Amino acid sequence: MTCEAGVISFIGAGPGAADLLTLRAVDRLARADVVLWAGSLVSSDVLRHCRADAMLLDTKAMTLEDVTAVYTEHPRAAIARLHSGDPACFSAIGEQIDWCVQHERAFEIVPGVSSLGAAAAAAGIELTVPGVSQSVVITRLARRTTAALGPGDDLVAYAAQGGVMALFLSAGDPERLQATLLSEGSVYAQDTPALIAYRVSWPDEQVVPTTVGQLAAELAQRSITTSALILVGAALRPGARARRSHVYDPSFSHQYRPSGATP
Ligand SMILES: C[S@@+](CC[C@H](N)C(=O)[O-])C[C@H]1O[C@@H](n2cnc3c(N)ncnc32)[C@H](O)[C@@H]1O
């Protein structure tokens, strides 16, 4: 499905910078008649890819009903709906997809650069570190939104598993976040590395390496309560890698290098 008349394109707008969009996203924006963008998280810089005559609507104060009313009012328009980062996580496209299915409206999803990838890039690190951990848990600390959690969504249980934890939408309650990460049974300790990635790729970006024990103080000192991704885990420790990767190891054969080392 391409961005055609009557199609709604749910587009990953990336973390902020207007050049961190996919070519497909730029193509859809250049063709869209109506563009809805979440001004609370999506940079207005991204709108430079839109047509000068496109209708631009900021959704930050809108409800789902307001948004779908726009879809109903423009049944034959090419609509671009921008969501920050990549729409696969914490973007609320699920309920819009349900609406599209219910109303037999064609849609497509254009993936984007998640703040997770953007944060790791800004910090200059890989999140899966051979010999340390190969798992990243994408989750959040809930406050007023606890009803969104599923029965197994328990940060304390995830903290007992280890690996890297990527905490979206969680900077607003730093003391509870830190206490949860250090709760009994957690593999994280006071000196476990943590990273605060604030407004990555925006002009006021901050990328702050710290520890789980210093997390709350560091967030408070910088007055960071929103727009931050928090990463924790032993894999973030500089020089943490315990071994090199298998894939480029001459002693490790695989489908494309069956005999191990290249001749
Ligand atoms: C509603 S969620 C959207 C996440 C988005 N779908 C993504 O892939 O990044 C908003 C949260 O994503 C994270 N986030 C989004 N953009 C960010 C950025 N530029 N820098 C750091 N964190 C960001 C923050 O945790 C923020 O609270």
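Placed above this text is the structure.
Bear in mind that the values here come from a model prediction, so they are computed numbers and not experimental data.

Another aspect to go through is the site of the ligand. Taken together, 18 residues are adjacent to the ligand, and D86, C89, S115, V200 and A228 come closest. Here an oxygen atom of the ligand and a side-chain polar atom of S115 are 2.6 Å apart. Contact between the ligand and R199: a nitrogen atom at 3.4 Å from a main-chain N or O atom of the residue. When the free accessible area of the ligand is taken as 560 Å², the share hidden by the protein chains comes to 93%. Taken together, the residues of the shell around the ligand sort by class into eleven nonpolar, five polar and two charged. Each of two domains, domain 1 (8-113) and domain 2 (116-236), supplies a minimum of three residues to the shell around the ligand.

A word on a negative patch on the surface. A cluster of acidic residues, E65, D66, E95 and D98, forms a negative patch on the protein surface. Secondary-structure elements contributing two or more residues to the negative patch are α2 (64-73) and α3 (94-102). Mapped onto the elements, D98 comes out in helix α3.

Enumeration according to the criterion identifies four aromatic pairs in this entry. Aromatic pair F10 and F107: ring centres 6.2 Å apart, planes at 55 degrees, arrangement tilted. Of this pair, F10 sits in strand β1 (residues 8-12) while F107 sits in strand β5 (residues 107-110), placing them 97 residues apart in sequence. On the basis of relative accessibility, which here comes to 0%, the residue F10 falls in the buried class. You can call F107 partly exposed: its relative accessible area is 26%. Relative to F168, the ring of F90 lies with its centre 5.3 Å away and its plane at 45 degrees, an arrangement referred to as tilted. One end of the pair, F90, is in the loop between β4 (79-83) and α3; the other, F168, is in strand β7 (residues 164-168), and 78 residues separate them in sequence. For F90, a relative accessible area of 42% gives the class partly exposed. Taken together, the ring pairs in this structure connect F10, Y71, W99 and F107 into an aromatic cluster.

Calculation notes
Residues numbered from 1 in each chain as written. Predicted model: local features only at pLDDT ≥ 70, side-chain atom pairs only at ≥ 80, totals over all residues. Heavy atoms only, no water. Near = heavy atom within 4 Å. Polar contact = N/O pair within 3.5 Å; in protein donor to acceptor, adjacent residues only side chain to side chain. Areas by Shrake-Rupley, 256 points an atom, 1.4 Å probe, with all protein chains shown as cover. Nonpolar A, V, L, I, M, F, W, Y, C, P; charged D, E, K, R; others polar. Domains from an automatic or database assignment. Patch = residues over 30% accessible without salt bridge, like charges linked within 9 Å, V, L, I, M, F, W, Y side chains within 5 Å. Salt bridge = Lys/Arg side-chain N within 4 Å of Asp/Glu carboxyl O. Lys, Arg positive; Asp, Glu negative; His and termini not counted. Charge placed at Lys NZ, Arg CZ, Asp CG, Glu CD. Helix = DSSP H or I, 4+ residues; strand = E, 2+ residues; numbered from the N terminus. Phe/Tyr/Trp six-rings, centres within 6.5 Å; stacked < 30°, edge-to-face > 60°. Buried < 20%, exposed > 50% of the residue type's maximum accessible area, 1.4 Å probe, protein only.

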